[in-house]
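Examination of the molecular architecture
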Amino acid sequence: MQKRALITGLTGQDGSYLAEFLLGKGYEVIGMVRRSSTVNHERIAGILDRIRLAPGDLLDEVSMIEILRAYRPSEVYNLAAQSFVQTSFGQPVATGETTGLGVTRLLDAIRLVDPEIRFYQASSSEMFGKAVEIPQTEQTPFHPRSPYGAAKVYGHWMTVNYRESYGLHGTSGILFNHESPRRGMEFVTRKISHTVARIKLGQAAELRLGNLDAQRDWGYAVDYVDAMWRMLQQDEPDDYVIATGETRSVRDFCKLAFEHVGLDWEEYVVVDKRFMRPAEVDFLVGDAGKAERVLGWKPRTAFGELVEIMVDADLALLSG
């Protein structure tokens, strides 16, 4: 029997890659999309004829109950969120409603409609924030440093709560930063790759950034959606850190991106305090040993290769 999966956040970076991955596994894919005045299907344009779209919203539990009743998925991947950390400082309540309470509404809908559904929650390394140990594991205490991180902690613990209270197959993937050419322009990695391409093509003269010393564990989104699927194939639900185990600074990303097009980053990068966070997360690096042992998952794409993939994609996009 063909498996059926529901993905929230289908039109985002992870949602679009996960949909392609599941289609390749023979799944029927349902994507929950919010009704809005502007519909952006850019990331899923190549698979629109192979998936089904269902209107719904994490702010409206009834809409999710109706989707679950209509489509009866065996797996639900919750990737929808207000996912930009900087925006969460300006919109903390809206971030909490979607990124935090939205998880509870979806879990409750599953509990009411079909408790046998396997549920994946997109947790985040931002939950560690001011990390108390290096590297971070599934046992590292959380200390979020943004409204986004705090909302993700709430969603994470609600997933654990529904797992322990109602026996739901609820699993959280604590994913460290993962990038791709489909990353939104507001994220620093895509801002770098896109602006580097513009500078190379003579369309821009400088790149303005905030904290160049911030360090992250950066992987490739295509590798990470594979981990999400592997989690829901396990007999027992659990939580898993997904990371490369290597840390790089924003400066490192800039340097490699400019080198790839034959330019010196120091001639173009300008530090702008407007892009500094009110509370910075300085050093995040994950230990994905459990994922390797239990899921058989390892990252396949090296950092340098990721940077080149993103810059090349933006060069192609702008040369179009």
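Here the structure is a predicted model, which is why all the values come from computation and not from measurement.

On to the pattern of salt bridges, then. Tallied over the full model, the rule gives 17 salt bridges. Asp314 is paired through a salt bridge with Arg190; the nearest N and O atoms lie 2.7 Å apart. With Asp314 in helix H10 (residues 303-319) and Arg190 in helix H6 (residues 188-200), the pair connects residues that are 124 residues apart, well separated along the chain. Both residues of the pair, Asp314 and Arg190, count as buried. Note that Asp226 is salt-bridged to Arg300, the shortest N-O span being 3.4 Å. With Asp226 in helix H7 (residues 221-232) and Arg300 in the loop between helix H9 (289-295) and H10, this residue pair connects regions lying 74 residues apart in the sequence. The structure contains a network of salt bridges with shared partners spanning Asp223, Asp226, Arg230 and Arg300.

Okay, the packing of H6 against H10 next. One way to put it is that H6 packs onto H10 with a least axis distance of 8 Å and a crossing angle of 50 degrees. Looking at the two axes, H6 sits oblique to H10. Considering how the two elements wind past one another, H6 and H10 form a crossing that is right-handed. Residues Thr189, Arg190, Ser193, His194, Val196, Ala197, Arg198 and Lys200 of H6 lie in contact with H10, whose contacting residues are Met310, Val311, Asp314, Leu315, Leu317 and Leu318. A per-class count over the contact of H6 with H10 returns seven nonpolar, three polar and four charged.

A few words now on the pairing of strand S11 (residues 239-242). The alternating pattern of S11 places Asp239 and Val241 and Tyr240 and Ile242 on opposite faces, both of which are buried. Pairing of strand S6 (residues 169-175) with S11, which is carried by four bridges, proceeds in the parallel orientation. Bridge assignment links Leu175 to a residue of S11, and that residue is Ile242.

Now for H10. In a regular helix each residue adds 1.5 Å, so 17 residues correspond to 24 Å; H10 covers 24 Å between its end C-alpha atoms and thus fits that length. Of the positions making up H10, those classed as buried are Phe303, Leu306, Val307, Met310, Val311, Asp314 and Leu315. Here the buried residues of H10 occupy an arc of 165 degrees about the axis, which is enough to place them on one side. Looking at H10, the residues exposed on the side facing more than 90 degrees away from the buried face are Ala316 and Ser319. In this structure, the buried side of H10 is in contact with strand S7 (178-179), H6, strand S10 (219-220), strand S12 (248-249) and helix H8 (250-260).

Turning our attention to the nonpolar core. Ranked by size, the top nonpolar core spans 33 residues in total, and within it Ile7, Leu22, Tyr77, Tyr120 and Ile242 carry the most contacts. Secondary structure elements with two or more residues in this core: strand S1 (4-8), helix H1 (13-24), strand S2 (28-33), strand S5 (118-124), H7, S11 and H9. Top element by residues in this core is H7. It accounts for eight residues. With sequence-adjacent residues up to four places away left out, Ile242 is seen in contact with Ile174, Leu175, Phe176, Tyr224, Ala227, Met231, Ala288, Ala291 and Trp297.

Their axes nearest at 8 Å, the elements helix H4 (residues 92-113) and helix H5 (residues 147-166) cross at an angle of 15 degrees. Relative to H5, the element H4 is oriented roughly parallel. At the point where H4 passes H5, the crossing takes the right-handed sense. Across the interface between the two elements, Pro92, Thr95, Gly96, Thr99, Gly100, Leu101, Val103, Thr104, Leu107, Asp108 and Arg111 from H4 touch Pro147, Tyr148, Ala151, Lys152, Tyr154, Gly155, Met158, Thr159, Tyr162 and Tyr166 from H5. Across the contact of H4 with H5, the residue classes tally to eleven nonpolar, seven polar and three charged.

Over the atoms, a rolling probe the size of a water molecule traces out where space has been left empty. For the second largest pocket, the calculated volume is near 300 Å³. Lining the second largest pocket are Asn40, Glu42, Arg43, Pro181, Arg182, Arg183, Gly184, Met185, Arg190, Ala313, Asp314 and Leu317. Take the lining of the second largest pocket: its biggest share by element is three residues, from H10. Looking at the lining of the second largest pocket, its residues break down into four nonpolar, two polar and six charged.

About the cut-offs
Residues numbered from 1 in each chain as written. Predicted model: local features only at pLDDT ≥ 70, side-chain atom pairs only at ≥ 80, totals over all residues. Heavy atoms only, no water. Salt bridge = Lys/Arg side-chain N within 4 Å of Asp/Glu carboxyl O. Helix = DSSP H or I, 4+ residues; strand = E, 2+ residues; numbered from the N terminus. Buried < 20%, exposed > 50% of the residue type's maximum accessible area, 1.4 Å probe, protein only. Axes fitted to C-alpha atoms, helices over the stretch in contact; angles between N-to-C directions. Parallel < 35°, antiparallel > 145°, perpendicular 65-115°, else oblique. Left-handed = near helix turned anticlockwise from the far one by under 90°. Contact = heavy atoms within 4.5 Å. Nonpolar A, V, L, I, M, F, W, Y, C, P; charged D, E, K, R; others polar. Pairing = 2+ DSSP bridges. Expected span 1.5 Å × (residues − 1). Arc of directions from axis to C-beta. Core = buried A, V, L, I, M, F, W, Y, C linked by side-chain atoms within 4.5 Å. 1 Å grid on protein atoms, 1.4 Å probe; cavity = no way out; pocket = protein on both sides within 12 Å on 5 of 7 lines; lining within 4 Å. Points joined across faces, edges and corners; volume = space filled by probe spheres on them.

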